[in-house]
Amino acid sequence: MERTLSIIKPDGVSKGLIGEIIRRFEAGGLKVVALKMIRMTKEQAEGFYQVHKNKPFFDSLTSFMSSGPAVVMVIEGKEVIKKNRELMGATNPREAAEGTIRKEFASDVERNIVHGSDSPETARWEIDYFFPEGEIVEYE
Ligand code: IDP
Ligand code: MG
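In this report, we go over the structure that sits alongside the text. These numbers were taken from a predicted model, which means no experiment stands behind them.

So, how was this worked out
- Residues numbered from 1 in each chain as written.
- Chains lettered and ligands numbered in written order.
- Predicted model: local features only at pLDDT ≥ 70, side-chain atom pairs only at ≥ 80, totals over all residues.
- Heavy atoms only, no water.
- Buried < 20%, exposed > 50% of the residue type's maximum accessible area, 1.4 Å probe, protein only.
- Helix = DSSP H or I, 4+ residues; strand = E, 2+ residues; numbered from the N terminus.
- Arc of directions from axis to C-beta.
- Contact = heavy atoms within 4.5 Å.
- Phe/Tyr/Trp six-rings, centres within 6.5 Å; stacked < 30°, edge-to-face > 60°.

1. Notes on helix α2 (residues 18-27)
- Residues of α2 that are buried: Ile 21, Ile 22, Arg 24 and Phe 25. Seen from one end, α2 has its buried residues packed into an arc of 155°, which puts them on one side. For α2, exposure combined with an orientation more than 90 degrees from the buried face picks out Glu 26 and Ala 27.
- On its buried face, α2 sits against β1 (2-8), β2 (31-38), β3 (70-77), α5 (80-88), α6 (101-105) and β4 (114-116).
- Immediately beyond the C-terminal end of α2, within one or two residues, lies Gly 29, with a positive phi of roughly 80°.

Shown next as structure tokens:
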């Protein structure tokens with residue numbers, strides 16, 4: 001079993017897509033093992049996206065991510081990192097495949113509704129960033 005960090009970004013929350021996104025995970029056989037709504041501070045968003053700190057969109061991205069509530073989740077399943085990214089679609093919604101979350105709901109490359117970890121190493125780091133071990137549950 002593998003775990004990944006998923007975030008419903010502030011645009012996804014304000015568009016009323018929390019249920020729709022979780023429904024897609026569950027319908028895809030993925031399991032939510034931790035979940036909370038948070039309002040990131042700008043500093044927290046900057047820490048989370050530190051790999052992008054030299055990108056031209058860093059300031060705008062971290063302002064957006066701290067602009068309203070987000071839902072952070074740990075999702076578990078077989079090959080969940082890859083499956084989640086397939087459900088999400090490409091970063092730029094214009095390049096995302098039909099039927100993906102970003103294709104259906106995202107307005108632009110920055111406001112693209114969801115985040116998903118991109119490798120086992122980043123998943124571990126990103127899960128630790130938001131969840132102490134005691135907030136992740138095991139169940140059948
Ligand atoms: P990912 O979310 O698909 O993994 P990354 O390249 O890791 O994409 O970028 C992180 C986030 O930064 C994206 O989800 C998006 O919100 C934002 N972003 C990426 N590229 C651009 C861009 O060219 N302009 C504005 N925002 C961007
Ligand atoms: Mg990424």
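2. Here we look at the packing of aromatic side chains
- For the structure on display, the rule yields 5 aromatic pairs.
- Centre to centre, the rings of Phe 48 and Tyr 49 are 5.0 Å apart; their planes meet at 75°, and the pair counts as edge-to-face. Neither Phe 48 nor Tyr 49 differs from the other in exposure class; each is buried.
- Measuring from centroid to centroid gives 5.8 Å for Phe 48 and Tyr 129, while their planes differ by 50°, and the two rings are tilted. Remark: Tyr 129 occurs in helix α7 (residues 120-130) and Phe 48 occurs in helix α3 (residues 42-48); sequence separation between them is 81 residues.

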